[in-house]
Amino acid sequence: MELSNTLLRLRKRLEGKVGKAIADYHMIAHGDTVLVCLSGGKDSYTLLSILMALRERAPVNFRLIAMNLDQKQPGFPADVLPNYLAAIGVEYRIVEQDTYSVVKSKIPEGKTTCSLCSRLRRGIIYRTAKEVGANKIALGHHRDDIVHTLFLNLFFGGQLKAMPPKLVTDDGAHVVIRPLAYCSEADIARFARAMEYPIIPCNLCGSQDNLQRQRIREMMGDWDRRYPGRTLSVFSALQKVIPSHLADHALFDFKGLRPGADLTAMAGGDTVFDPQPHDDVVSAPAAFPLPVVSA
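The shown structure was predicted, so the numbers you read here are calculated from the model rather than taken from an experiment. (Residues numbered from 1 in each chain as written. Predicted model: local features only at pLDDT ≥ 70, side-chain atom pairs only at ≥ 80, totals over all residues. Heavy atoms only, no water.)

**With respect to the environment of Ala53**
Next up, step 1: Following the sequence through the fold, Ala53 ends up in helix H2 (residues 42–55).
Next up, step 2: The sequence separation of Ala53 and Glu15 amounts to 38 residues, and the corresponding C-alpha distance is 8.0 Å.
Next up, step 3: When neighbours within four sequence positions are excluded, Ala53 is seen to be in contact with Arg11 and Glu15. (Helix = DSSP H or I, 4+ residues; strand = E, 2+ residues; numbered from the N terminus. Contact = heavy atoms within 4.5 Å.)

Have a look at this one:
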């Protein structure tokens, strides 16, 4: 009973954070068809479960279609996901395409496969979304993924860029959403263990422990152990960007700055000596505050 109550509280917290993210970024509107990408990992299982639960009481009607891409990895248990999806009663599509052989033939042994694999998957997902009439594509990236991507781009790409909770695809045909944007990986992992999802490991890239992302993951893990709440603090910073205190002259008119300028446009001007807030909390309502937004 104690475990059951703990699981219910955890589910409620995850549902609240997903509901808030959907509302904050207007991720889902009335009449949407959402293609939920299911990899067989803990994140995508949790995403589908939470979206199905929220759909039952959301103030708008939307359709969910689960999709899995069978990349023909050796030993991939092809029956696991169809059996699971049929059992929970969700509409689904299994797409079979041998991207595994393509990646292995193009990428030398020991080199990172993620970039090519990701591009191939993206193209197949976009094509499938068109085939099923989905205007939204839901991915299972969570708060930790977003923060890790920020540091990857910062350290290795020279860009101040992360994963946005919502974006339009390159062809303009679909909107990609990340409803788990406010959820921590630790909560998702606990939830997935308690739910006993039939996890399918990725043997294509999961064994590449020397990836740059893995190094960032280790760095953030060390920070969070020594200074609890650092990942949440960094994520909060992504929601409080002050262009006048960075250095992108294409984003802010530094050349036009003059004495007597409006400090409102500069978020207060020189705030170096101002007291700094310590609000590291992202609030999440228990309800599903999903507004009706025209498609």
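The structure having been displayed, the exposition proceeds.
**Notes on H2**
Next up, step 1: In this model, H2 (14 residues) spans 20 Å end to end at C-alpha, consistent with the 20 Å of a helix rising 1.5 Å per residue.
Next up, step 2: The element H2 is extensively covered by neighbouring structure, given that 12 of its 14 residues are classed as buried.
Next up, step 3: Buried within H2 we find Asp43, Ser44, Tyr45, Thr46, Leu47, Leu48, Ser49, Ile50, Leu51, Met52, Ala53 and Leu54. (Expected span 1.5 Å × (residues − 1). Buried < 20%, exposed > 50% of the residue type's maximum accessible area, 1.4 Å probe, protein only.)

**A short note on the confidence of the model for the protein chain**
Next up, step 1: Averaged over every residue, the pLDDT of the protein chain is 86; the share at 70 or more is 84%.
Next up, step 2: Predicted confidence is poor over residues 279–288, with pLDDT under 50, and the contacts of this stretch with residues over four places away or in other chains come to 24 contacts. (pLDDT = per-residue confidence, 0-100.)

**Overview of the side chain of His142**
Next up, step 1: Tracing the backbone shows His142 in the loop between strand S4 (136–138) and helix H6 (143–157).
Next up, step 2: A polar contact of 3.3 Å, which involves the side chain of His142, links it to the backbone nitrogen of Asp144.
Next up, step 3: In this structure His142 touches Asp43, Leu180, Ala181, Cys183, Glu185 and Ile188, once residues within four positions along its chain are discounted. (Polar contact = N/O pair within 3.5 Å; in protein donor to acceptor, adjacent residues only side chain to side chain.)

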